[in-house]
Amino acid sequence: MMLPWELLTLALLPIWVRALFGGELGTFGYYLSVAGLALIVTVELHMFTSVRFTHWFAVLLVVLTTLASVAAWSVVRWTLDQQLGTQFLIGPETTQEAANAALMGEFLWITQAGLFAGVLFDAYFGGRGRQLRRRLGRVVRR
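Residues numbered from 1 in each chain as written. Predicted model: local features only at pLDDT ≥ 70, side-chain atom pairs only at ≥ 80, totals over all residues. Heavy atoms only, no water.

## As for the overall build of the protein chain
Then, number 1: Across its full length, the protein chain carries four helices and zero strands.
Then, number 2: Helices and strands in the protein chain line up, N terminus first, as α-α-α-α.
Then, number 3: Within the protein chain, buried positions represent 31% of all 142 residues.
Then, number 4: Within the protein chain, counting contacts between residues at least 6 apart in sequence, those at least 24 apart form 67% of the total. (Helix = DSSP H or I, 4+ residues; strand = E, 2+ residues; numbered from the N terminus. Buried < 20%, exposed > 50% of the residue type's maximum accessible area, 1.4 Å probe, protein only. Contact = heavy atoms within 4.5 Å.)

This is how it looks when you write it as structure tokens:
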């Protein structure tokens, strides 16, 4: 079985946005691609296993998975900057307050991308569920 083509297109779109535009929009595209990956994992679990999610839990799972994965990576980058002197998150002359502000800014972008993906999940699969119930109802009545 294959995932719906709409979902695969949605997951690929942020990669194109990051490649073509860069900057702040590219950063949001990166976080949206992580949210797309969380969305794919949630859909895989819901559609192809015996696990069934309610819509609100699926949305929450997408948001929290996005937050957890990118937040963990941001903390790793911040720790590398502090311990090894790398410049993944902050520049060479950045103060501790500026580093914390940069990290909190990333968390805000992550939250927005996760919420956006969760709302898309709810809108798309809510509509698919209603459509499937109507089709099944027509078949059962025959």
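Read on for the rest.
## Digging into the confidence of the model for the protein chain
Parts of the prediction with low pLDDT should not have their coordinates interpreted in detail.
Then, number 1: Per-residue confidence for the protein chain gives a mean pLDDT of 78, with 88% of residues at or over 70.
Then, number 2: Taking the mean pLDDT of every element in the protein chain, the minimum, 76, falls on helix α4 (residues 96-141) and the maximum, 83, on helix α3 (residues 55-84). (pLDDT = per-residue confidence, 0-100.)

## Some details on the environment of Asp-81
Then, number 1: Along the chain, Asp-81 turns up in helix α3.
Then, number 2: For Asp-81, a relative accessible area of 6% translates into the label buried.

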